[in-house]
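# Structural features, examined
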There are 2 protein chains.
Amino acid sequence: MAKFLLCDGKRVADIIIEESAFAGVKEIGKTVAEDICLVTDKTPRIVSSLVDTETEAVVLAATVGKSALLTELEGAGLVDLSQIAGKREVFMMKTLEYQRKSVLVIVGSDKRGTIYGMFHLSELCGVSPLVYFGDAYPEKKQAVEFEIKENDKGAFVSKEPSVYYRGFFINDEWPAFGNWAYEKFGGVNAKCYRKVFELLLRFKGNYMWPAMWNSNFSEDGPGIENARLADELGVIMGTSHHEPLFRAGNEWQQQYKEYGDDNSWSFLSNEKAITKFWENGVLRNKDFESVITIGMRGEADSKLLPEDATMKDNIEVVKKAILAQDKILKEHISADFKAVPRMLAIYKEVEDYYYGDETCEGLKDWAELEDAIFLLSDDNHGNLRNLPTEAERNHPGGYGMYYHFDYHGAPISYEWTNCNRLTKTWEQMTTAYEAGVTKMWIVNVGDLKEMEYPLSFFMELAYDYDTWGLNGLNKVKEFVYKWIDQQFGNRLSAEQKDDLFKVLEGYTRLNAMRTPETMNERIYHPVHLGEGERILAEARDILATANKLKEELSGETLLTYESIVYYAAAASLNLVIAWILTGMNHELARKGSLYANTYIDEIEKRVAEGKRLVDEFHHIADGKWNHCLSSAHTGFRSWDDREWSYPVVNKVAPLSVAKAMVSFRGQDRYHLGAYWQDMAPIVWEFYSDTKAKEALLDIDTRGEIGFDYKITLESDAVCCDKASGRVECESCRDTVNFSLDQSASEASEVKGRVDISFENGQKTYVDLLFKLGESRPYYCISAADFAENHKADGNGFETIDFLGREGSAVKVFPPMKSYEVEGTDSIPYVSYDISVDEASEYDIIFYLMTRNPSVKGGRMKFYASANDDKPQVVYSVSDHYYTEWQDAEWAQGVLTAGRQVSVSVNLKAGNNTIKVYAGDPGVIIEKLVIKRAGYELPTTYLGPIE
Amino acid sequence: MAKFLLCDGKRVADIIIEESAFAGVKEIGKTVAEDICLVTDKTPRIVSSLVDTETEAVVLAATVGKSALLTELEGAGLVDLSQIAGKREVFMMKTLEYQRKSVLVIVGSDKRGTIYGMFHLSELCGVSPLVYFGDAYPEKKQAVEFEIKENDKGAFVSKEPSVYYRGFFINDEWPAFGNWAYEKFGGVNAKCYRKVFELLLRFKGNYMWPAMWNSNFSEDGPGIENARLADELGVIMGTSHHEPLFRAGNEWQQQYKEYGDDNSWSFLSNEKAITKFWENGVLRNKDFESVITIGMRGEADSKLLPEDATMKDNIEVVKKAILAQDKILKEHISADFKAVPRMLAIYKEVEDYYYGDETCEGLKDWAELEDAIFLLSDDNHGNLRNLPTEAERNHPGGYGMYYHFDYHGAPISYEWTNCNRLTKTWEQMTTAYEAGVTKMWIVNVGDLKEMEYPLSFFMELAYDYDTWGLNGLNKVKEFVYKWIDQQFGNRLSAEQKDDLFKVLEGYTRLNAMRTPETMNERIYHPVHLGEGERILAEARDILATANKLKEELSGETLLTYESIVYYAAAASLNLVIAWILTGMNHELARKGSLYANTYIDEIEKRVAEGKRLVDEFHHIADGKWNHCLSSAHTGFRSWDDREWSYPVVNKVAPLSVAKAMVSFRGQDRYHLGAYWQDMAPIVWEFYSDTKAKEALLDIDTRGEIGFDYKITLESDAVCCDKASGRVECESCRDTVNFSLDQSASEASEVKGRVDISFENGQKTYVDLLFKLGESRPYYCISAADFAENHKADGNGFETIDFLGREGSAVKVFPPMKSYEVEGTDSIPYVSYDISVDEASEYDIIFYLMTRNPSVKGGRMKFYASANDDKPQVVYSVSDHYYTEWQDAEWAQGVLTAGRQVSVSVNLKAGNNTIKVYAGDPGVIIEKLVIKRAGYELPTTYLGPIE
């Protein structure tokens, strides 16, 4: 363990970057100097040779083959470059004494290696990759000394990155990123990209797709400046899946006149012009390090040929285009395609051409594409779909994954703030990696801002899969605490860190459970199983913690918190609260209860608060992030943002008559007072085995006439917290709490009665009936609460924390392994013990996370059995499931982040064992609800929780 | 024409009612004296003989056989009693000089004849039958002289009443009538019935069913006093359809203990007790003039036997009960059933027993019932159903009709105010009469108050069918003006009478179109065909007239107006307005327009106004009618009043963004500004042959950002009333009126554009497209606008004014005649000329009034043809139609007061003739809509109107 004193409190070490260094290294050198100044308030001098240094401690930033000083040090036996030479994007750090100087050598195996090493220096000083984008200002220090973890050769050598190309895609950049870039930089130009590239490099990424909704990367720099800067800084540029040969999506319609009169984007009718257009794109960008998108799609993410074209027609035209593209690339770049990184995106209809059909072989096995990267995609909502089969994994070009943290499209866009949970990203991207998708990871981050949190994790996972990949099972929480430390340094108390974790975990869980865009008053049930109240309480609790932190923090930590946590959380939670209250308001308005009106004030305040939060965020850091939360964000009525809306409040007018309304909280049924058509009591069932021994009785009014009520109970087995009360038009409601006194008697039923006396002399009453010790109609077991976890060859189910919509979930590892049920002991299973009151047929409902099959047409089967019965196959999705917007089943899964499937089993009275066996990849189980056949569960969003 | 000076300004004629007169005649004599005092401020003395008289002019009120003076006058040849002797309920009026007195002789053929004659005297003085119940105070007069229309024998002789038993049923008397009676009279007792009987007799009715929801007529008088009083006054009492042998519905459960321990109302298990119970009922009431309900039903209007009983079981038990009843009647009243008026109601399931089936002969032809009146019923909603066939009309007992102006039951009750139009009553009850239903007419008037208007007509029609029956075709308006004069005397101007007619016709039309109880925000379409706006304007106009009259009138006329017209009208119209506004509020809230919020104030004011109107009504005439409008009255969510509600208002929160919304008034489609997914213009079609040459363009905002808009039009064939404007968050909307300038050009299309510039600098636009001279997709013809009305043997279609939901309607007369199409000239038809632009298949949609077939299983067929095509049969209802709540088709018809059926025809371009031929009874056509096949009419409540 070597120490290096970068700053002794008086002077900060000079940095040597030689003339011969890469321009990008020089440029990043300045950034690192600024980083050090943020910490020390002293800017290191950057000099070009050791002789120019004035400090005793110096830093050398160099690249193998680009530094005379390095050669000198190697010659002196002070550095062993063989540890990194020939490696990809690797850096070595070593402290040494040379010419009476204490030298920290940062040497890269290549340009990016050096840059990563330099940013590593920043991090060692306490500077976060989010120093700009997250306003994560480092702690000030008088002196800076840090340790270099040395290997047995006395140096720190970084690993080669796990994923070859890794980066992000700024997408659908209006109104947020686009307006921001114009206001702050005058456009989506090189000034703007300078910040974006820096972020990518700090994350040790190397690849990106630029904004292209209304931006032309290679024209708007101004001119080629964006692309030139990327190349200088070592950022490998790509273009998105439907923009071949460096050409941004908009360029054709803007430039087609240079190539003729025909603006049609048809390779059939306009081949010559389009080919020339492509060729000019290559001539423009060929000198920059790039991955070149090939293939052809229609404009604006559409199909190329009309709907009635055959598979063969389509494949032919795509092949023709690719051959034309390859010809250009060979001519202008290299005849050796191993040296020309090409990428074909297997996205939407291109997937059909990739597989082909009986009439025509697909692109998959076309020799021309042998060296091309096949870029797969998730379903736009963070759920992987088709992955390479074992055989396909041999494809020499390798596979990539186009993943989404943000999407503008069906079933409903999510573009406002962060809806991504790290656990899902971990679970899905480890699956991709294990399926051989290691050549390219690119993630759509939409407008970028507020994606810092999941993007940090995505980039780290891509860079260091060894640590965070399969080995990282249930290490996400550890990552988050590290991330918190990275952003806030040592300025938070342990309790504040816990609070911050709670806020991050909480808001992302609620957003992942239901995005703000798809929230409306009909999501969490206002009545059934108290779901609305439960989520409301949870959202209020998380928001209170978020607000408490905002109160506690100040200065730079407050700003950091506001920039990357608070507003994302508060604005999201505020909407959850507003919509749940609106659901309650509408439900009670539908029932005519005046209590509906008591919600109006807060709903209206929440709407105003929502606007205020966005506006306030746009003003933090002197308006640095103006526009960044300006996307439409809730109450979407169509897939896009055109029809979004705030809650509509309902206001009930009191009837002019005496009208009480009595109901047990959590039940739809209400009683308006006994009369010939409805003499039946309202019923509450206390289950024999449940913890909940309380029932709330709401006594509402629908009318203007106030009333007194009196409760009578025929037995002391049930008691209530008040025996009488009064409800006025103004108070609207009184609530009585009934509880079970099990010591009192052995009664199986207790009758009660609410007598109501209205001010106008009218009287009515409602009979109550409490059923005691009833058999539960259903039981709920968390999937993680298994009695036995049977592994096979060490493989099997694992519990993943923070993955389920409301808690943990179980999944079989390794992720891509398939099992067929043969003998019950040869494959992994988990078993659950359940005791039921009655022997009967039961349905086991499996609450699954929304995932897609890893093969086309797959159904993500698994198996379940009760006691000694033969395991039954359970399919997670129907046999006509497909991951496109046209499939309501898929869309429903995406919107709700969960799905339910069930099997019927016979259980005996008393103890039973249910076993769940491994099957196909993609099955993630949150909970099991075991209900009596024929019993209908009350409709809810999340199902029962006990 | 003889004149009689009842009051010379100084003295009012004495009234002679001899000791020997009927007690009821004496009692009514006092009432008539009070009537005369109301006019003259002088109360006539009632004396028992001519010698006791002090005035020169005297009135003799006497009954044939009950007056010595009459015998004296007959002996003197001064009166010819043979003109009335032996007649039923007839009176004669004759002036004569006798013993130096000027005598007005009012002589009845029987007690009721005398009473009718006495009340006729009141009417001649200007006293309305509604003097008490309608607060119709007569005009004061100094002198009262009137003319007696003499026949050739020098006397006025009234006709025998047309319908033998005629009267009304106070039903479901809580909360309105019941609370009123308790507050004003201390109960539903003889003090109360004294007023009710008087009303019946003033109407020249003779029969009634007493309140029985929570009242026992023969026990609550107190004691037998109600029944005794009825008999004294000549009111023939019945009990309702399910209360045999004088026993009110509630009596059994209150009294069964006198007959044993078993409270079951089962003639199988408890025959002895029930028989004794009945017998005691007969012993109690046998001395009073009554029509005795026989048969047996379950309690509370339910079935007698369980659902699984066979037809034979049911018929057997009913027969057994009837035989037991008849035995009691024979024993205690008379063995001659001709002298014992018995009535069997053919209501609900009793109808099945009436017809019987293959397993068992029905009650219809059972000799035991030969002399019983068979009481038929409407469908509880004023629509007749089964009527006697020609053969059945020979039933010696005759037929009665139980008709409804008010009902507590499915599909939705109507019990608040008057929803009955006189034209419908006329149309339906003349049909009943023509079908031989002449023995008994009884109408359910619910709580009575506010039913004065239709009840006046019903009673007059029953009393004098000659004048108002078939001969009264289109004389309803004449009746109404007479009725207005009867209530208001000469105190209204001609204009005020016209206004009053407008209010009466208007509010009853809107209430009949949709009862207040069934009104909600989804009735009149807020958008399509401008329906909501149209009905709103109409309701506002009628209400304005009602309010104007209220302003203009004062004193007694104001009170009369308030009592029987104003509050019924204003409270109903106020609700129509509130609900239509709510529909618009909800529709615009659904669309996100802030303009939705502009409706909230008025909706809330209307709800308050509704409460205020009810309250105000309860305070007129010093609270005389307190409680009478207290029934639940709108927004019913179930068949009964338990779930009624006022409108729930929706409030939209403005979005924080710039968002305009542009739409043509009357169209669902709106445009939020052009963007890639929706570049299509919004389109307005000006039809070639329509009068409407205007289009309204609404420019709304959804967001907080105000904007300026500018209209451009590419041609002057369409112009607009303003070329630019501004919309703010506060104003929410601006409207541009476009009109067609046909002189300008021959353009077939005019393009336009709305350019929108938001305050925040954003811009958008909406393209407009006006299509000029488009072919209409549909044509609308009022059924009364026929080109030819072909009669057969003088019979055929007649136009009935004020019958259709929005105007007149046509119906074939005589009402019970059926036609089968044979040759097209042998049956009546009406023909319509229609010119269409395109030869095509068209659907003719017939808008029919809701009516029921006159025979079980009937389908109310008629025929239609286009040009020379063969007439097609059109069925008004499906082949599984039945008039019970279980049939959604029936229920829908009742709720909407209309139904549509259609046939397809081929029309040629240019002129076409459509013929509609007579078929079954019950077909009433309001309008024909002829639409191109495949064109879907916009959903509305009433269909197109042009």
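Check the entry above for the structure.
Attention here is on the structure that accompanies the text. (Residues numbered from 1 in each chain as written. Chains lettered and ligands numbered in written order. Predicted model: local features only at pLDDT ≥ 70, side-chain atom pairs only at ≥ 80, totals over all residues. Heavy atoms only, no water.)

## Details of the side chain of A:Ser593
All names here are of chain A. Put simply, the rule reads: The numbering of helices and of strands both runs from the N terminus, where a helix is a DSSP run of H or I of at least 4 residues and a strand a run of E of at least 2. Classification of residues uses two cut-offs on accessible area relative to the type maximum, computed with a 1.4 Å probe and protein chains only: under 20% is buried, over 50% is exposed, and between them is partly exposed. Within 3.5 Å is the distance limit for a polar contact, defined as a pair of N or O atoms, with the added protein rule that one can donate a hydrogen and the other accept it, and that residues adjacent in sequence qualify only through two side-chain atoms. Two residues qualify as a contact provided that any one of their heavy atoms is within 4.5 Å of a heavy atom in the partner residue.
The topology assignment puts serine 593 in the loop between helix 17 (555-591) and helix 18 (600-617). Overall, the relative accessible area of 0% leaves serine 593 in the buried class. A distance of 3.0 Å separates a polar atom in the side chain of serine 593 from the backbone nitrogen of tyrosine 595. Among all residues touching serine 593, those that are not within four sequence positions of it are Leu588, Val652, Met661, Asp700, Thr701 and Arg702.

## Describing the packing of helix 11 (residues 422-434) of chain A against helix 12 (residues 452-463) of chain A
Axes are the key here: two packed helices are described by the angle between their axes and the distance separating the axes. All names here are of chain A. What counts, and what does not: To obtain each axis, a line is fitted to C-alpha atoms, and for helices this fit is confined to the stretch in contact; angles are then taken between N-to-C directions over 0 to 180 degrees. Roughly parallel covers angles under 35 degrees, roughly antiparallel covers those over 145, roughly perpendicular covers 65 to 115, and oblique covers all other angles. Two helices crossing with the near one rotated counterclockwise from the far one by less than a right angle form a left-handed crossing, whereas a clockwise rotation gives a right-handed crossing. Polar here means any residue other than Ala, Val, Leu, Ile, Met, Phe, Trp, Tyr, Cys and Pro, which are nonpolar, and Asp, Glu, Lys and Arg, which are charged; Gly is therefore polar.
Close contact between helix 11 and helix 12 brings their axes to 10 Å; oriented N to C, the two are set at 25°. Put simply, helix 11 runs roughly parallel to helix 12. Relative to helix 12, the crossing made by helix 11 is right-handed. Residues Leu422, Thr425, Trp426 and Met429 of helix 11 touch helix 12, and the partners they reach there are Tyr453, Pro454, Phe457, Phe458 and Leu461. Here the residues of the contact of helix 11 with helix 12 sort into 8 nonpolar, 1 polar and no charged.

## Quick notes on the relation of the copies chain A and chain B
So the rule is basically this: Residues reaching a pLDDT of at least 70 in both copies supply the C-alpha atoms on which the copies are superposed by least squares.
Expressed as a screw operation, the relation of chain A to chain B combines 0.1 Å of axial shift with a rotation of 180°, fitting to an RMSD of 0.1 Å. Each copy turns onto its partner about a two-fold axis. Considering only C-alpha atoms, the residue of chain A closest to the rotation axis is A:Asn650, which sits at 2.4 Å. Counting the interface residues of chain A, we find that 97% of their copies in chain B are interface residues as well, pointing to one common contact surface.

## Focus on the environment of A:Ser269
Residue and element names in this part refer to chain A. Position of serine 269 among the secondary structure elements: in the loop between helix 7 (251-255) and helix 8 (271-285). Setting aside anything within four residues of it in sequence, one finds serine 269 in contact with Asp262 and Ser264. Separated by 3.4 Å, the side chains of serine 269 and serine 264 make a polar contact.

## Brief notes about the pairing of strand 28 (residues 763-774) of chain A
Residues and elements named next belong to chain A. Put simply, the rule reads: Paired strands are those between which DSSP finds at least two bridges.
Sheet topology places strand 21 (residues 682-687) next to strand 28; 5 bridges connect them, and they run parallel. Looking at strand 28, one finds that tyrosine 687 is bridged to glutamate 774. Two strands pair when backbone bridges link them, and strand 27 (residues 749-758) and strand 28 are joined in this way by 9 bridges, in the antiparallel orientation. Each bridged residue has a counterpart across the sheet, and for serine 757 the counterpart in strand 28 is lysine 763. Between strand 27 and strand 28, which follow one another and run antiparallel, lie 4 residues, and glycine 761 among them has a positive phi close to 95°.

## Regarding the interface of chain A and chain B
Formally: In the sections that follow, a salt bridge refers to a side-chain nitrogen of Lys or Arg positioned within 4 Å of a carboxyl oxygen of Asp or Glu.
Facing 37 residues of chain A, the contacting portion of chain B comprises 36 residues. Where chain A meets chain B, there are 6 salt bridges. A salt bridge links B:Glu704 to A:Lys611, with the shortest nitrogen-to-oxygen separation between them at 2.4 Å. The interface formed by chain A and chain B holds 24 residue pairs in polar contact (both at pLDDT 80 or more) in total. Elements represented by at least two residues in the side of chain A that touches chain B include exactly helix 17, helix 18 and strand 19 (649-651) of chain A. Of the residues in the side of chain A that touches chain B, the class split is 18 nonpolar, 6 polar and 13 charged.

## What to know about unusual backbone geometry
Backbone torsion omega between A:Ala410 and A:Pro411 reads -5°, so that peptide bond is classified as cis. Along the polypeptide, A:Pro411 turns up in the loop between strand 17 (399-404) and helix 11. In this model, A:Ala897 sits at a positive phi of 60°, which is unusual for a non-glycine residue. Tracing the backbone through its elements, the reader meets A:Ala897 in the loop between helix 20 (888-896) and strand 37 (898-907). The exposure class of A:Ala897 is buried, given its relative accessible area of 15%. Unlike most non-glycine residues, B:Gln99 shows phi in positive territory, near 50°. By the element assignment, B:Gln99 lies in the loop between strand 5 (91-98) and strand 6 (101-108).

## Section: helix 12 of chain A
Turn by turn, an α-helix covers 3.6 residues, leaving residues three or four places apart pointing in a common direction. Residues and elements named next belong to chain A. For clarity, the threshold we go by: Take the residue count of a helix, subtract one, and multiply by 1.5 Å to get its expected span.
In a regular helix each residue adds 1.5 Å, so 12 residues correspond to 16 Å; helix 12 covers 16 Å between its end C-alpha atoms and thus fits that length. Among the 12 residues in helix 12, 11 count as buried, and that is most of the element. Among the residues of helix 12, Glu452, Tyr453, Pro454, Leu455, Ser456, Phe457, Phe458, Met459, Leu461, Ala462 and Tyr463 are the ones counted as buried.

## As for the environment of A:Asp447
Residues and elements named next belong to chain A. The residue aspartate 447 is located in the loop between strand 18 (440-446) and helix 12 in this model. Note: C-alpha distance between aspartate 447 and leucine 529 (82 residues apart in sequence) is 38 Å. Ignoring any residue separated from it by four or fewer positions in sequence, one finds aspartate 447 in contact with Asn171, Asp172, Glu173, Trp174, Ala176, Phe177, Asp406, Glu415 and Ser631. Of note is the side chain of aspartate 447, whose polar atom sits 3.1 Å from the backbone nitrogen of phenylalanine 177.

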